[in-house]
Structure formats: structure tokens, C-alpha cells
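Listed below are the residues making up each chain.
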Amino acid sequence: MELQTPTIDAAIESLRPRLTGSVAVPGEPGYELATPWNLSIPVTPRAVVAVADADDVAVTVRFAAEHGLRVAVQRTGHGAVPLDGDVLLVHTARLNECVVDPDSRTARVESGAIWQDVLAAAAPHGLAPLAGSSATVGVAGFLTGAGIGPLVRTYGLSSDHVRSFDIVTGDGERLHVTPHQHAELFWGLRGGKATLGIVTAVEIELLPISRIHGGALYFDGADAAAVAHAWLDWCQDLPEHSSTSIAFLQLPPLPQVPPPLAGRLTIAVRFASVADTSEAESLIARLRAVATPLIDAVGPMPYAALSAIHADPVDPMPTHELSALTGALTHEAIDALLAIAGPGSGSPQTVIELRLLGGALAREPRHRSAFCHRDAAFGLMVAGVSAPPLARPVAEHAHAVVRALAPWTTGGAHPNFSASTDPARIARCYDEDTRHWLGALADRHDPRGVLRVGQVVRTP
Ligand SMILES: Cc1cc2nc3c(=O)[nH]c(=O)nc-3n(C[C@H](O)[C@H](O)[C@H](O)COP(=O)(O)OP(=O)(O)OC[C@H]3O[C@@H](n4cnc5c(N)ncnc54)[C@H](O)[C@@H]3O)c2cc1C
């Protein structure tokens, strides 16, 4: 059914009284919620529905089906995709309750919560959620994308620690999804992003962790080659109790950037370990010995301060992001990276990161999921500012970085680092069987294609 603008507008008026939350069309207060963290992505839906509860989500989805509209979901816009036209955007910020059960070591988290909400609720009980590198990322977006956190090698994917989801399907049905109830959806929601439904709440396991040993060593760009080669050697036998990444940084001179890191190339070795202090210190000592760090910020730290390890940007910004997964890396790979991103390369990127994977991530969890890349050895992520005049050179250079590492990349991609509406890019996140089953399940639970928008897998 194709609707004309006046008809849609009239229909949207009729949605307002059916909701506890609110609806905003362009120009109305509340529409600005659509503006994503990634300011380079045009998110201009027909209307923004700020849902107040799970019923609002179901009402919105059914309404969209009745009127030939589609429904997308967004919380922070860290993984925003372009939206316009006939799309209602469910915005989940008001669904942000987080209840910790210290006895069962679980939390029931509504889908509009961000990791900071869960870290703050769990810490007083000595408990920890497997959050990502940035505490301002949304819990549901992260977990449906098979989130990897700073302790990924020790505990595996954060989505491996989900107990249940509450969702609204494209049919407008509210379902409680567990490994035993709608097991096929439980499989597909962990990795399939919003393909199979809009998550309204999730129950996750918490770990009895209050403190870890972690942080980052920041080296001068001039030491890039020595540090990067030593890091690769160090990664070969890094025990599973420790996770790490290396980042080539070119941070802008902003007040929140420490002066020694601003306006120049620096190399960050990020580290997070649940080993005891002496073991963790002796591990990191090998890298401290490679060169003198500009800043040495590795030591015992509260788990709740996890975000300090990566120190990701908090404020919204226009970003271009490209990612890839690799197999084992060699020193030739590091040389290739140095040539395109190291000193004198002219790289325009703000950050180029290699994350060591493996460890617990490489093992299938008790309940299989739609994540298809447990054999990847490293995750590559290239991010730069996407605003004129840099937008084009940043994008072209990002592709050049991935091409430079082509001898080592697997061709696969991680769903959380593949925000896109391009079916070819989304396809790289899954193997053929997984794509097939996600598409078939989506067709079954969303026969009218209400959720056929954004980063989803559908049959052609
Ligand atoms: C600075 C930064 C740091 C990051 N660090 C990490 C990291 O350490 N590890 C990692 O794995 N990822 C990381 N990411 C990627 C991030 O996890 C994804 O972009 C994720 O999708 C963000 O979720 P969101 O809800 O905050 O974003 P949004 O842009 O609001 O949502 C992105 C997508 O998530 C899905 N989604 C959101 N809410 C729901 C819902 N309620 N139900 C179903 N699907 C939903 C939808 O597909 C939506 O399009 C990072 C991204 C940035 C920009």
C-alpha cells in the first residue's frame, strides 16, 4: 500500500492518542531525538515515536503495518543508518529501567538503557556487565550486534551472556525469547541486529568483578614501528585472562584530549586483564620496555571505569567507519599498516584500531548464535571525521587501509562495526546458512516487511 503525504500525516495524528509515549513529526519538539551520535548519517524519518513502554512499540509496529509504513529503531545513533520517507523511528531512550538481582547475578535491562546505566546499577553489588569500550553505547544495539567488550578474550561475546530477550516482532507480537522459548529467535537476535524484532528488554548475566587491571599506554608516533611489531609478538602468547588492542590515533586539539596526545600521531596499547596485579604488571612490562610512553595509564582500576581504557569520544560527531576481520597477522601485515597509517603516511584517520580476538570468543557458547566469525584473529576498525573537506579523502583512505590488509582479511565483518543499509556490506557479517535462516525467520515473523529497513537481513 502506497500512501500520499497528507494521508500519512492524518494517519500519524491518529497514532498519538494510542500511545503512552509521544510522536513528533519534523518541526515538532521531540523530532530532534532522531539526530544520531554519528552526525554524518541522515536520519530523517516520517516521525519519531518516543516509546514509553513495550506496548507502545507493539502499537507502533501494528500501526505501521496497517498504513504501509516501516519501523526502524534507534537509541544513541552510534550505529545509525540512513532513514527517511515512510519510516517511523522507534526511539527507546525512555525505556531505560535497569534492575539488578544480586542473588542470581543478573540484570533485567530495558532496551533504551546505555551501558553506563548498567555499570552504575551493578557496581554497588560488586557485579559487572560485559559492556563495550564506550559506556554511552546502547545495550540493545550492542547485544543484538554480538558485542565485543574490553574483556572479550576472557568471557567471549557479551551476547553469549544474554539470558532472554523481550521483543516485538514485525507482526506486532510481544514475545519472551529464551534458549528454550522461541529458540530460533534467541539464536538470531544475538548477531542479527534488528532483523527479527525490536528488543524492549533483555536479561543479562553479571560477573562478580569489581576491579580489573587495565588502561592504555600511549606512545609517540615515532615509536609506532617498534611498538606495533612488539605488540604483535606479545599477542601471540597473551593469556586468555587478558585482552588488548592497538590504536593509531590522531586526536584533535580539544579540551578533553590530554595535551601530549593532541594534534599528532600517537600509538595506544589498550589492555584489560582479570589477572592479579603482579601477573598483569609483568605482562604489560614487556611493552613498557619497548619505548617510553608519553602517558602510562595502565594499572588497577574499578571495572565501572571501563570506558577509560579506550577513551572513545562521547560527544556526537560526524564519523566515517569501516571495519574488517583478519586471520593471523604477520610482521608484513604490520609493515603494511605502518605504510598506510604510520608516521609520514598522511593518514587522515582519527583512529585505526586492531583488536586481538580469540580466547573465549573463539569457542561456541552453550547456545549458538547468529555470530559467524569466531575464527577471526583480529578486528580492524578505521574511523575518521566525515565532514567536508575531509569526508571524501577519509572514506577513500579507509578503503585503502582495508585493501592494504587484504592478504590477511577474512572477507567477513562484525555486525556491530557494519552499520549500513547496503545489503552487500550487511551480507559480509554472516555465512550463507545464517543469512538464509535470518531471512527466512524474518519473513515468518514479519510477513508484511514492517521491519525491512536499516541494518537487517531479508530474503531478496
Ligand atoms: C565510539 C564507539 C565505540 C564502540 N565500541 C564498541 C565496542 O567496544 N564493541 C562493540 O561490539 N561495538 C562497539 N561499537 C559499535 C556499537 O556497538 C554499535 O554501533 C551498536 O549498534 C550501537 O548501538 P546503539 O543502540 O548505541 O546505536 P543505534 O545507532 O541507536 O542503534 C544501532 C542499531 O542497533 C540495532 N538496535 C538498536 N536498538 C535496538 C533494539 N531495541 N532492538 C533491536 N535492535 C536494536 C538496530 O539495528 C540499530 O540500527 C562502538 C561504536 C562507537 C561509535
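Everything numeric in this text was worked out from a predicted model, so none of it was measured. (Residues numbered from 1 in each chain as written. Predicted model: local features only at pLDDT ≥ 70, side-chain atom pairs only at ≥ 80, totals over all residues. Heavy atoms only, no water.)

With respect to the UniProt feature "domain: FAD-binding PCMH-type" (unreviewed entry) in the protein
In plain terms, the rule: UniProt positions are given in the numbering used here, feature names are shortened, and annotations may be inferred rather than shown by experiment. Strands are runs of DSSP state E lasting at least two residues, helices are runs of H or I lasting at least four, and both sets are numbered from the N terminus onward.
In this numbering, the UniProt entry assigns the feature "domain: FAD-binding PCMH-type" (unreviewed entry) to residues 41-209. Taken end to end, residues 41-209 is 23% helix and 25% strand, and its first and last C-alpha atoms sit 37 Å apart.

With respect to the packing of helix α10 (residues 331-341) against helix α11 (residues 391-404)
Definition in use: Axes here mean lines fitted to C-alpha atoms, for a helix over just the part in contact, with angles spanning 0 to 180 degrees between N-to-C directions. In this scheme, roughly parallel covers angles under 35 degrees and roughly antiparallel covers those over 145, while 65 to 115 is roughly perpendicular and the rest are oblique. For any helix crossing, the convention is left-handed if the near helix is rotated counterclockwise from the far helix by under a right angle, and right-handed if that rotation is clockwise. Contacts between residues were defined by any pair of non-hydrogen atoms, one from each residue, lying within 4.5 Å. All residues other than Ala, Val, Leu, Ile, Met, Phe, Trp, Tyr, Cys, Pro, Asp, Glu, Lys and Arg, Gly among them, are scored as polar; the first ten of these are nonpolar and the last four charged.
Where α10 meets α11, the closest approach of the two axes is 9 Å, and the angle between their N-to-C directions is 160°. Accordingly, the angle class assigned to the pair α10 and α11 is roughly antiparallel. Considering how the two elements wind past one another, α10 and α11 form a crossing that is right-handed. In this structure, α10 uses Ala 336, Leu 337 and Ile 340 to contact α11, whose residues at the interface are His 397, Ala 400, Val 401 and Ala 404. Taken together, the residues of the contact of α10 with α11 break down into six nonpolar, one polar and no charged.

Here we look at the domain arrangement of the protein
The line we're drawing: Throughout the structure description, domain borders are defined by an automatic or database domain assignment. Computed with a 1.4 Å rolling probe, the buried area is the accessible surface lost when two parts are put together, summed over both parts. Just to be clear on terms, a salt bridge is a Lys or Arg side-chain nitrogen sitting within 4 Å of an Asp or Glu carboxyl oxygen.
By the assigned domains, the protein splits into domain 1 (5-91), domain 2 (98-208 + 428-445) and domain 3 (211-417). Just the C-alpha atoms count here: the centres of domain 2 and domain 3 sit 24 Å apart. The partner domain 3 presents 43 residues to the 41 residues of domain 2 that form the contact. Carbon and sulfur atoms supply 57% of the area that domain 2 and domain 3 bury against each other, a total of about 3300 Å² over both sides. The three residues of domain 2 that bury the most area against domain 3 are Ser 133, Arg 153 and Arg 428, which together make up 25% of that side's buried surface. Linking domain 2 to domain 3 there are one salt bridge. Residue Asp 160 pairs with Arg 374 through a salt bridge whose shortest N-O separation is 3.0 Å.

Focus: the packing of aromatic side chains
To keep things clear, this is the line we draw: Only Phe, Tyr and Trp rings are paired, with Trp represented by its six-membered ring, and only when their centres lie within 6.5 Å; those with planes under 30 degrees apart are stacked, over 60 edge-to-face, the remainder tilted. We call a residue buried when its accessible area falls under 20% of the maximum for its residue type, exposed when it is over 50%, and partly exposed in between, using a 1.4 Å probe and counting protein chains only.
As enumerated under the stated definition, the model contains four aromatic pairs in all. Relative to Phe 378, the ring of Trp 231 lies with its centre 5.8 Å away and its plane at 55°, an arrangement referred to as tilted. Pair noted here: Trp 231 is in helix α7 (residues 224-236) and Phe 378 is in strand β17 (residues 378-385), with a separation of 147 residues, a long-range link. Residue Trp 231 shares its accessibility class with Phe 378, and that shared class is buried.

Brief notes about the nonpolar core
For the record, the criterion: What makes a nonpolar core is a set of buried Ala, Val, Leu, Ile, Met, Phe, Trp, Tyr and Cys residues whose side-chain atoms join them at distances within 4.5 Å.
Counting 52 residues, the largest nonpolar core has Val 109, Trp 115, Phe 165, Ile 204, Ile 212 and Tyr 303 as the members making the most contacts within it. A domain-level breakdown of this core finds at least three residues from each of domain 2 (98-208 + 428-445) and domain 3 (211-417). Leave out the neighbours within four places in its chain, and Trp 115 touches Pro 129, Leu 130, Ala 131, Gly 132, Ser 134, Ala 135, Val 137, Gly 138, Val 139, Phe 142, Leu 143 and Ile 204. Among the nonpolar cores identified, the runner-up in size contains 46 residues, and Leu 217, Leu 232, Ile 284 and Leu 405 belong to it.

Quick notes on helix α8 (residues 277-288)
Here is the rule: Each residue after the first adds 1.5 Å to the expected span of a helix. The directions considered for the arc are those from the helix axis to the C-beta atoms.
For α8, which comprises twelve residues, the first-to-last C-alpha distance of 15 Å matches the rise-based estimate of 16 Å (1.5 Å per residue) to within 8%. Residues of α8 that are buried include every one of Ala 280, Leu 283, Ile 284 and Leu 287, and no others. Summarising the axial view, the buried residues of α8 lie within an arc of 85°, below the 170-degree limit, and thus occupy one face. Each element contacted by the buried residues of α8 is listed here: β10 (211-220), α7, β11 (242-250) and β12 (265-273).

Structural notes on the site of the ligand
The condition is simple: Throughout, near means a residue has at least one heavy atom within 4 Å of the molecule or strand. Pairs of N or O atoms within 3.5 Å make up the polar contacts considered here, provided that, within protein, one atom can donate a hydrogen while the other can accept it, and that residues adjacent in sequence are counted only when both atoms are side-chain atoms. Residue burial considers only the protein chains on display, and all accessible areas are found by Shrake-Rupley using a 1.4 Å probe.
In the vicinity of the ligand, 30 residues are found, and the nearest of them are Arg 75, Thr 76, Gly 138, Ile 148 and Lys 193. For the ligand, an oxygen atom lies 2.9 Å from a polar atom in the backbone of Ser 133. Between the ligand and Val 199 there is a distance of 2.9 Å, counted from a nitrogen atom to a backbone nitrogen or oxygen. Summarising the interface, the protein chains cover 96% of the accessible area of the ligand, which totals 940 Å² for the free molecule. Of all elements in the fold, only β3 (70-74), α4 (139-144) and β9 (198-205) reach the threshold of two or more residues within the shell around the ligand. In terms of residue count, α4 provides more of the shell around the ligand than any other element does, four residues in total.

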